[in-house]
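Descriptive analysis of the structure
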Amino acid sequence: MAWMDILRASFEILVLWIVLYQLYRMVKGSRSGAILAGLVVCLLLCTFVLRVAEARVLQEIAGFIIGPSTLLVVLFQPEIRNFLAKMGGNGLLSSFMLAKPRQETGFVEKVVDSVSYLAGHRYGALIGICRTDSLDEYAKARGATQIDAEYSRELIGTIFFPKTLLHDGAVIVKDERVVCAAAILPVSNKELKDRSLGLRHRAAIGLAETSDAVVIVVSEETGSVSLVVGNSMQRNLSMDLLAKRLQNLLYSHANTEEN
């Protein structure tokens, strides 16, 4: 009988491992992965607190509520999805899993140089720079053109030249390399006070709402430069201020916080 119990337990562990591993492969590098991680963190914290407090009635109530409502919450509530994704992507978990701080390589100067060129020529542009959250679901989506090239003013200027086929959409930068152009970003549904903000700014806000990316927007109409991070947008930035903000956001030890 003992052997049967051991075999049964081993079988259950094997099946659970296979299911979790396949699920991990499906959502790895995507927004869904961050949401799943955030959901797991929330459930574990709630379970731990209720068990430590020996709140049996609350445990029963939580079990009754969580079961049927979790799927609806994740599917239909963008604010809660964003909260869960931040917990799983760049919130509680990332505080334990942050990569080592990057070493300055002159990348900020390249970005500022390219943005200055775009603004001077009034080339509309949208540039998303990865930090800890993966942007692969946008970089590898249908319609995005894969590039994988070193970041340079010449490359960025060519991509956003108004008569090229790649000037619409966003450039996504990862590890100081341009990984793709013409990427389609999620557009924010938030009601904006400034109605003059166009599709590029809404897409920048949408990406910042769903990740910890640093997003730069150059206005085609005015040549003004905006920087969007989290829930914050700074507009009409000078190149000096842009350089300072990028330096702080990309190379600071606390680069997951808004500064």
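Above this text sits the structure in question.
Residues numbered from 1 in each chain as written. Predicted model: local features only at pLDDT ≥ 70, side-chain atom pairs only at ≥ 80, totals over all residues. Heavy atoms only, no water.

Turning our eyes to something else, we now look at the packing of aromatic side chains. Aromatic ring pairs are described here by two measures, namely the spacing of the ring centres and the angle between the planes. Summed over all chains, the structure comprises 3 aromatic pairs. With centroids separated by 5.4 Å and ring planes inclined at 80 degrees, the aromatic side chains of phenylalanine 107 and tyrosine 151 adopt a geometry described as edge-to-face. One end of the pair, phenylalanine 107, is in helix H6 (residues 107-121); the other, tyrosine 151, is in the loop between strand S2 (145-150) and helix H8 (153-159), with 44 residues separating them in the sequence. Assessed through its relative accessible area of 2%, phenylalanine 107 is described here as buried. (Phe/Tyr/Trp six-rings, centres within 6.5 Å; stacked < 30°, edge-to-face > 60°. Helix = DSSP H or I, 4+ residues; strand = E, 2+ residues; numbered from the N terminus. Buried < 20%, exposed > 50% of the residue type's maximum accessible area, 1.4 Å probe, protein only.)

This part covers the environment of tyrosine 117. By the element assignment, tyrosine 117 lies in helix H6. The class for tyrosine 117 is partly exposed, based on a relative accessible area of 27%. Sequence-wise, tyrosine 117 and glycine 223 are 106 residues apart; in three dimensions their C-alpha atoms are separated by 9.9 Å.

Along the chain, histidine 201 turns up in helix H9 (residues 199-210). Each residue touching histidine 201, except ones within four places of it in the same chain, is listed here: Val217, Ser226 and Met233. (Contact = heavy atoms within 4.5 Å.)

Turning next to the sheet that holds strand S6 (residues 225-229). The strands making up a sheet are joined through hydrogen bonds of the backbone, oriented either antiparallel or parallel. Read across the open sheet, the 7 strands follow the order S2-S4-S3-S1-S5-S6-S7; overall the sheet is mixed. Here the strands that pair on one side only, and so sit at the sheet edges, are S2 and strand S7 (232-234). Strand-to-strand twist across the sheet, computed as the mean angle between neighbouring axes with direction ignored, equals 20 degrees. One ladder, built from 4 bridges, connects S2 with strand S4 (residues 177-183); its direction is antiparallel. Paired with threonine 145 across the bridge in S4 is alanine 181. Packing against the sheet, H6 makes contact with strand S1 (125-129), S2, strand S3 (170-174), strand S5 (214-218) and S6, and its axis sits at approximately 25 degrees to S5. The sheet strands contacting H9 are S1, S5, S6 and S7, and the helix crosses S5 at an angle near 175 degrees. (Pairing = 2+ DSSP bridges. Axes fitted to C-alpha atoms, helices over the stretch in contact; angles between N-to-C directions.)

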